[in-house]
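Observations on the three-dimensional arrangement
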Amino acid sequence: MSDETDAVRYAGKWRLHFERKADHNKAEALICFTAVVACTLVAPIFVMLGEGFWLSKLTPSLLSLLAAGMTTWLQLRKPQQLWALYRTCQRRIEDLQAAHSFGFAGFERAADRDRLLAKRVAEIVMFSHEQWVPLVPSPENIGALTESKLRRAPDAEDGNA
């Protein structure tokens, strides 16, 4: 039988949730960034040194396509921002757990420390949701991104094509 309270389990559940999400988004951001850099640096080598259709044309084209796709993914999904958000929430909950356990930061004078812990963890969960919602790609975001790229594209009528 455990002496652990529901509030402590609740805090632990959310801390673990944010830790897993932060780890996932960190890995996603680093993998995408590394792939973009690698593909961008290696593609010109295939153009310069590759012989035949497969090495001099198809391979660099596929590498460039992969780099463009990963760059778009990073811009729309924003895993690096999600990583920071989730890690911040995880650390805040860890801080609350320590304050609850050792009786500081408002917990020393709380009549019901467990209820205060649960309340503060719930506030962090809601904060994370409020910060996450604007990061979700929307049709407007995608449309604005596409329009801005089209505006920067050279216009055939200007003789810049």
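Now for a quick tour of the structure. Residue indices follow the written sequence of each chain, beginning from 1 at its first position. Predicted model: local features are reported for residues with pLDDT of at least 70 only, side-chain atom pairs are reported and counted for 80 or more only, and whole-chain, interface and lining totals are derived from all residues. Derived side-chain values reflect all non-hydrogen atoms in the structure, with water molecules and hydrogen atoms excluded from consideration.

**Focus on the overall build of the protein chain**
For the protein chain, the count of helices and strands is 5 helices and 0 strands. The numbering of helices and of strands both runs from the N terminus, where a helix is a DSSP run of H or I of at least 4 residues and a strand a run of E of at least 2. Its helices and strands taken in sequence order, the protein chain reads α-α-α-α-α from the N to the C terminus. For the protein chain, with 161 residues in total, the buried portion stands at 25%. The contact rule is simple, with two residues in contact once any of their heavy atoms fall within 4.5 Å. Sequence separation of at least 24 residues holds for 70% of the intrachain contacts in the protein chain that already meet a minimum separation of 6. On the protein chain, roughly 10900 Å² of surface is accessible, and the fraction owed to carbon and sulfur atoms is 62%. For each residue, the accessible area found with a 1.4 Å probe, counting protein chains only, is set against the maximum for its type, and the residue is called buried under 20%, exposed over 50%, and partly exposed in between. Accessible surface area values rest on a Shrake-Rupley calculation with a 1.4 Å probe, where residue burial reflects the displayed protein chains alone.

**Thoughts on the packing of helix 1 (residues 6–49) against helix 3 (residues 79–102)**
Angle between the axes and distance between the axes: these two values describe a pair of packed helices. Running from N to C, helix 1 and helix 3 point in directions that differ by 155°, and their axes come no closer than 8 Å. Here helix 1 lies roughly antiparallel to helix 3, going by the angle between them. The way helix 1 lies across helix 3 gives a crossing that is left-handed. Three residue categories are used. Nonpolar comprises Ala, Val, Leu, Ile, Met, Phe, Trp, Tyr, Cys and Pro, charged comprises Asp, Glu, Lys and Arg, and polar comprises the others, including Gly. Split into classes, the residues belonging to the contact of helix 1 with helix 3 amount to 12 nonpolar, 6 polar and 8 charged. Fitted lines through C-alpha atoms give the axes, limited to the stretch in contact for helices. The angle between two N-to-C directions lies from 0 to 180 degrees. Orientation labels follow simple angle bins: below 35 degrees gives roughly parallel, above 145 gives roughly antiparallel, 65 to 115 gives roughly perpendicular, and whatever is left gives oblique. Each helix crossing is assigned a hand: it is left-handed if the near helix lies turned anticlockwise from the far helix by less than a right angle, otherwise right-handed if that turn is clockwise.

**Some remarks on the environment of G69**
Residue position: G69 is located in helix 2 (residues 52–77). Sequence separation of G69 and V36 is 33 residues, and the distance between their C-alpha atoms is 8.7 Å.

**Here we look at the packing of aromatic side chains**
We call Phe, Tyr and Trp rings a pair once their centres come within 6.5 Å, taking the six-membered ring for Trp, and we label the pair stacked below 30 degrees between planes, edge-to-face above 60, and tilted otherwise. As enumerated under the stated definition, the model contains 3 aromatic pairs in all. Between W14 and F18, the ring centres sit 5.7 Å apart and the planes meet at 35°, which makes this aromatic pair tilted. Placement of the pair is W14 and F18 together in helix 1, with a separation of 4 residues, close to one helical turn. Using a relative accessible area of 2% as the deciding quantity, one classes F18 as buried. Among the aromatic residues, those joined into a cluster by ring pairs are W14, F18 and Y86.

**A closer look at the packing of helix 3 against helix 4 (residues 113–132)**
Two elements in contact, helix 3 and helix 4, have axes whose closest approach is 10 Å; the angle formed by their N-to-C orientations is 170°. As summarised for this structure, helix 3 and helix 4 are arranged roughly antiparallel, according to the angle between their axes. Here L82, L85, Y86, C89, R92, I93, L96, Q97, H100, S101 and F102 of helix 3 come into contact with helix 4, specifically with R113, D114, L117, R120, V121, I124, F127, S128, Q131 and W132. Here the residues of the contact of helix 3 with helix 4 are counted per class, giving 12 nonpolar, 5 polar and 4 charged.

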